[in-house]
Structures are given as C-alpha cells and as structure tokens.
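One-letter residues, chain by chain:
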Amino acid sequence: MFTSGYSCARELLGQEVAFTQYRRMFLDTGKMEMRWLWPKPETFLSLSNHEKAIIEYWLAFMKGYEKLGLFRLEIEQNDIEINCKITDCAYANMFIQLDCPELSNLVREMEQEALKFMCSSSNIEVIMIIGDYGSAEITLRNHLVAKAEAN
C-alpha cells in the first residue's frame, strides 16, 4: 500500500518531490511507532547499569529481526563498544523489486532516530553510517566505560 501510493505520487509529482514528502511521512510515522515500541530513555535510568540494559534491549530487538530473516546482522563486542553491521535487508529488497530503490534506506533512518532517542539519557554514543540498500554500520560506545579505562 505504501509503495503503490508512493509510485502514484512519483508519477504525478516527480521523484524528487514525491520522495521528499514520502520520506517525511514515513519517518514521522516511524518515529511515532518506535516511541510506542521501544522503551522511553528514562525507563532505563532506574536500573543499576542502564547503559548495559539499553544495549542488551537493542541487541535483543535486532537479533529478533535477524531471526525473522529481515536482515543479516554481524556483531563485534568489547567492554567499550559494540559494532554491528546490517546487510541483506528484506525491506530494502522489497522496495528495489517494486522499482522504488530510493526508499530502501528509510527503515534504517527510522531506526537511527529511535536508537539515538533511546540512548539520549545515557552515556552511549550512537554512530550509525547508513549504506546502500538498507545496509548500515552501527557503533554504540559507552563513554563512561571508555573514560574509566583511559584513566
């Protein structure tokens, strides 16, 4: 439904205008959905190690999506940071097959905003580099642990 509406708008308005308007609609709607789906940042503050809880929650969510076959997830982790790589995104592939490849990164943009919001009351820095076709490289760095180890 989303893509067929976008295709009609793209024909009528042109790709640049249609993409700008649909991107905004998708990200605004996604933001509302993610605020409902993921816990508020302050929810984690009552926990003794809220940074660890945020990371564990996010990883569980992403691993669940991987188990569903929505993408491939590679994880490297140490005491200071977690590096994840997302590839083979089913949503991106769907948009590409429906001849709307320009929409293929919107789900990553939505997740980026949601992850930064969830980490906003913590010492976690979120670095997300969105690649082509729904791929991304994500680093979550705990500044509190990094600072303690540096001293």
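Refer to the structure printed above.
Worth saying up front: this structure is predicted, and the values here are computed from it rather than measured.

**A word on the side chain of Glu-111**
Right, on to step 1. Turning to its location among the elements, Glu-111 is positioned in helix α5 (residues 106-118).
Right, on to step 2. In this structure Glu-111 touches Trp-38, Met-62, Tyr-65 and Ile-86, once residues within four positions along its chain are discounted.

**Topic: the pattern of salt bridges**
Right, on to step 1. For the structure on display, the rule yields ten salt bridges.
Right, on to step 2. For Asp-28, the salt bridge is made with Arg-24, and the minimal N-O distance between the two is 3.9 Å. Here Asp-28 pairs with Arg-24, and both are found in helix α2 (residues 15-37), just four residues apart, close to one helical turn.
Right, on to step 3. Here Asp-28 falls in the partly exposed class, since its relative accessible area comes to 42%.
Right, on to step 4. The shortest N-O distance in the salt bridge between Arg-35 and Glu-113 comes to 2.9 Å. Placement of Arg-35 in helix α2 and of Glu-113 in helix α5 is noted, with a sequence separation of 78 residues between them.
Right, on to step 5. On the accessibility criterion, Arg-35 (27% relative accessible area) is partly exposed.

**Observations concerning a nonpolar patch on the surface**
Right, on to step 1. Where nonpolar side chains cluster on the molecular surface, the patch consists of Leu-12, Leu-13 and Val-17 and spans about 300 Å² of accessible area.
Right, on to step 2. Its place among the elements puts Leu-12 in helix α1 (residues 2-13).

**Digging into the packing of aromatic side chains**
Right, on to step 1. Going through the model one piece at a time under the given rule, you end up with five aromatic pairs.
Right, on to step 2. Ring centres 6.2 Å apart and planes at 70 degrees place the aromatic pair Phe-44 and Tyr-57 in the edge-to-face group. Note that Phe-44 is positioned in the loop between α2 and α3 (50-67) and Tyr-57 in helix α3, a separation of 13 residues in sequence.
Right, on to step 3. Note on Phe-44: relative accessible area 6%, which makes it buried.
Right, on to step 4. Measuring from ring centre to ring centre gives 4.7 Å for Phe-61 and Tyr-65, while their planes differ by 45 degrees; the resulting arrangement is tilted. Pair noted here: Phe-61 and Tyr-65 are both in helix α3, with a separation of four residues, about one helical turn.
Right, on to step 5. A residue is classified by how much of its surface remains accessible, and Tyr-65, at 22% relative accessible area, is partly exposed.
Right, on to step 6. Clustering of aromatic rings is evident, with ring pairs tying together Trp-38, Phe-61, Tyr-65 and Phe-71.

Conventions used here
- Residues numbered from 1 in each chain as written.
- Predicted model: local features only at pLDDT ≥ 70, side-chain atom pairs only at ≥ 80, totals over all residues.
- Heavy atoms only, no water.
- Helix = DSSP H or I, 4+ residues; strand = E, 2+ residues; numbered from the N terminus.
- Contact = heavy atoms within 4.5 Å.
- Salt bridge = Lys/Arg side-chain N within 4 Å of Asp/Glu carboxyl O.
- Buried < 20%, exposed > 50% of the residue type's maximum accessible area, 1.4 Å probe, protein only.
- Patch = residues over 30% accessible without salt bridge, like charges linked within 9 Å, V, L, I, M, F, W, Y side chains within 5 Å.
- Areas by Shrake-Rupley, 256 points an atom, 1.4 Å probe, with all protein chains shown as cover.
- Phe/Tyr/Trp six-rings, centres within 6.5 Å; stacked < 30°, edge-to-face > 60°.

These figures capture arrangement, not role.
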